[in-house]
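Architecture at a glance
Listed here are the chains, written in short residue letters.
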Protein chains: 2
Amino acid sequence: MTGATDDVDDIVAAWRRERPDLDLGPLEVLSRVSRLARHLDLTRGETFAEHQLEGYEFDVLVALRRAGTPYQLSPGRLVQQTLVTSGTMTNRVDRLAARGLVTRSPDPDDRRGVIVTLTEAGKEVVDAAFSELLDRERRLLAGLSARERDQLARLLRSLLLPFEA
Amino acid sequence: MTGATDDVDDIVAAWRRERPDLDLGPLEVLSRVSRLARHLDLTRGETFAEHQLEGYEFDVLVALRRAGTPYQLSPGRLVQQTLVTSGTMTNRVDRLAARGLVTRSPDPDDRRGVIVTLTEAGKEVVDAAFSELLDRERRLLAGLSARERDQLARLLRSLLLPFEA
DNA sequence: CAAAAGTATCTGAACGTCGAGATATCTCAG
DNA sequence: CTGAGATATCTCGACGTTCAGATACTTTTG
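Residues numbered from 1 in each chain as written. Chains lettered and ligands numbered in written order. Predicted model: local features only at pLDDT ≥ 70, side-chain atom pairs only at ≥ 80, totals over all residues. Heavy atoms only, no water.

A few points about the interface of chain B and chain A
Rule in force here: What makes two residues a contact is simply this: any of their non-hydrogen atoms within 4.5 Å. Defined here as a combined quantity, buried area equals the accessible surface (1.4 Å probe) lost by two parts on assembly, summed across both. In the sections that follow, a salt bridge refers to a side-chain nitrogen of Lys or Arg positioned within 4 Å of a carboxyl oxygen of Asp or Glu. The term polar contact refers here to a pair of N or O atoms within 3.5 Å; inside protein, the definition further demands a hydrogen-donor-capable atom paired with an acceptor-capable atom, and it admits residues adjacent in sequence only when both atoms are side-chain atoms.
Contacts between the two partners involve 64 residues from chain B, matched on the other side by 64 residues from chain A. Buried surface at the junction of chain B and chain A, both sides included, amounts to about 6,600 Å², of which 70% is carbon and sulfur. Looking at the side of chain B facing chain A, the largest losses of area belong to B:Trp15, B:Arg66 and B:Phe163, adding up to 11% of the total buried there. Along the contact surface separating chain B from chain A lie ten salt bridges. For B:Arg154, the salt bridge is made with A:Glu148, and the minimal N-O distance between the two is 3.4 Å. On the surface where chain B and chain A come into contact, there are 16 residue pairs in polar contact (both at pLDDT 80 or more).

A look at the sheet that holds strand β2 (residues 102-106) of chain B
All names here are of chain B. Filter applied, for reference: Any two strands with at least two DSSP-identified bridges between them are counted as paired. For the purposes of this entry, the term helix denotes a DSSP run of H or I that reaches at least four residues, the term strand denotes a run of E that reaches at least two, and both are numbered from the N terminus. As a rule, the C-alpha atoms of each element are fitted with a line to give its axis, helices using only the stretch in contact, and angles between N-to-C directions run from 0 to 180 degrees.
Strand order across the open sheet formed by three strands is β1-β3-β2, with antiparallel pairing between neighbours. What marks the edges here is a single partner per strand, and that holds for β1 (72-73) and β2. In this structure, β2 lies alongside strand β3 (residues 114-118), joined through five bridges in antiparallel fashion. In the sheet register, serine 105 faces β3, and the bridge partner there is isoleucine 115. Running at roughly 90° to β3, helix α3 (residues 55-66) makes contact with β1, β2 and β3 of the sheet. Sheet strands in contact with helix α5 (residues 86-98) are β2 and β3, and its direction is about 115° off that of β2.

Overview of helix α6 (residues 120-140) of chain A
Heads up, the rule is: Expected helix span is taken as 1.5 Å per residue step, with the number of steps being one fewer than the number of residues. For every residue, the accessible area (1.4 Å probe, protein chains only) is compared with the maximum for its type, and the residue is labelled buried under 20%, exposed over 50%, or partly exposed between those bounds.
Here α6(A) is 21 residues long and its end C-alpha atoms lie 31 Å apart, about the 30 Å a rise of 1.5 Å per residue gives. The set of residues buried in α6(A) consists of A:Gly122, A:Val126, A:Asp127, A:Ala129, A:Phe130, A:Leu133, A:Leu134 and A:Glu137. Against α2 (25-49), α3 (55-66) and β3 (114-118) of chain A together with α1 (7-18) and α2 (25-49) of chain B lie the buried residues of α6(A).

Here we look at the relation of the copies chain B and chain A
Applicable threshold: Least squares is the method used to superpose the copies, on C-alpha atoms of residues holding a pLDDT of at least 70 in both.
Under the fitted operation, chain B is carried onto chain A by 0.0 Å of movement along the axis and a turn of 180°, and the coordinates agree to an RMSD of 0.1 Å. Classification of the inter-copy transformation places it as that of a two-fold axis. Looking at the interface residues of chain B, 100% of them are also at the interface in chain A, so both copies use one shared face.

Observations regarding the pattern of salt bridges
Summed over all chains, the structure comprises 37 salt bridges over all chains. Where B:Arg65 meets B:Asp127, a salt bridge forms, and the shortest distance between an N and an O atom there is 2.9 Å. Placement of the pair is B:Arg65 in helix α3 and B:Asp127 in helix α6 (residues 120-140), with a sequence separation of 62 residues. Across the pair, exposure class does not vary: B:Arg65 and B:Asp127 are buried alike. Salt bridges sharing partners connect three or more residues here, namely A:Arg17, A:Glu18, A:Arg19, A:Asp21, B:Arg65 and B:Asp127.

Details of the domain arrangement of chain A
Residue and element names in this part refer to chain A. Threshold: An automatic or database domain assignment provides the domain bounds reported here. As a working rule, the residues Ala, Val, Leu, Ile, Met, Phe, Trp, Tyr, Cys and Pro are called nonpolar, Asp, Glu, Lys and Arg charged, and the rest polar, with Gly in that last group.
What the domain assignment lists for chain A is domain 1 (1-50) and domain 2 (53-140). Placing a centre on the C-alpha atoms of domain 1 and another on those of domain 2 gives a separation of 31 Å. Of the residues lining the interface, eight residues belong to domain 1; the matching set on domain 2 comes to eleven residues. Approximately 820 Å² of surface area, both sides summed, lies buried where domain 1 meets domain 2, with 52% of it carried by carbon and sulfur atoms. The largest share of the area that domain 1 buries against domain 2 comes from Arg44, Thr47 and Phe48, three residues that together contribute 71% of it. Viewed at the interface, domain 2 and domain 1 are joined by two salt bridges. Close ionic contact of arginine 44 with aspartate 59 constitutes a salt bridge, the shortest N to O distance being 3.3 Å. Taken together, domain 1 and domain 2 are joined by four residue pairs in polar contact (both at pLDDT 80 or more). When its residues are assigned to classes, the side of domain 1 that touches domain 2 shows three nonpolar, two polar and three charged.

Below you can see the structure in the form of structure tokens.
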């Protein structure tokens, strides 16, 4: 059994033919990261659709949910956790508030500030969707042993660290 | 020395506190993949800007470049390789053609078809940008040994395969 | 305490992507 | 050959994101 090849193997082979002078090593890892993330994004949508959620809505709800009681965060903190811009977060909170999944209220300690709170309805939706997402993702990882998953997590962490300085 | 922790460690710890009933294992791997990809996307933009390119333009040029002489692909093939929709590809080719980086011509063998060709100017731009991108990505991976990079590539490949069936 | 610098959030226009549908062409069974 | 279905590409309106700048408030400085 010769190990199966993926799209990135083809891409690297093509480059090796076209540019044998270049060290294509980085592609082996980082192209796979990008493509895998893209596939994950595309299929996550299926899970969310079952709960009448969009992916970007989920990202906000999930940040509020794991903050714990009373499920409150400022837009600024939500921006940090979701890696989007402040204008985007304003829009997202608007839409979620219109659907009754969060509320927006003034921060009593800082009159510039706003507090976004997960509603009970929002909590129910996000809990259901999150649990299903975990199930789905567990299936994606089923092909790896526990040891391999640990390795993978450890290696990815070390790539992630430089971005979080 | 206790290993450094990243954002995902914090996220998992928060979830463990909030939902000790759930198996959060998938997050350790897949959250890192998503966040890393997002960071890669954000910083890739810096490299491209030096060559007056946008990331989405680069994706198209690079697919044509590695196709080899005569650097031609149909919009359909470009769609497959870049994981975007056909409408998006039409727009991208429009913009690249307007900038003189590609040309669009009818396919002589299939009158429904179109052939997108990389111009000499397009080739020069993409070669310069690609080489610089590789340098930059190599630096990101410098913290890993060759053996670790291989491991990582192998594990990511096995996660990618199910999406490519 | 006043002025300057910093911070939190929102606004609005420009932009790229998507998704459904339209058009034109090709393929193949009958 | 003909008609049905498949295929390749494009059109276009809706949408979410970005970016720069505006606003309002807070903190720091002298």
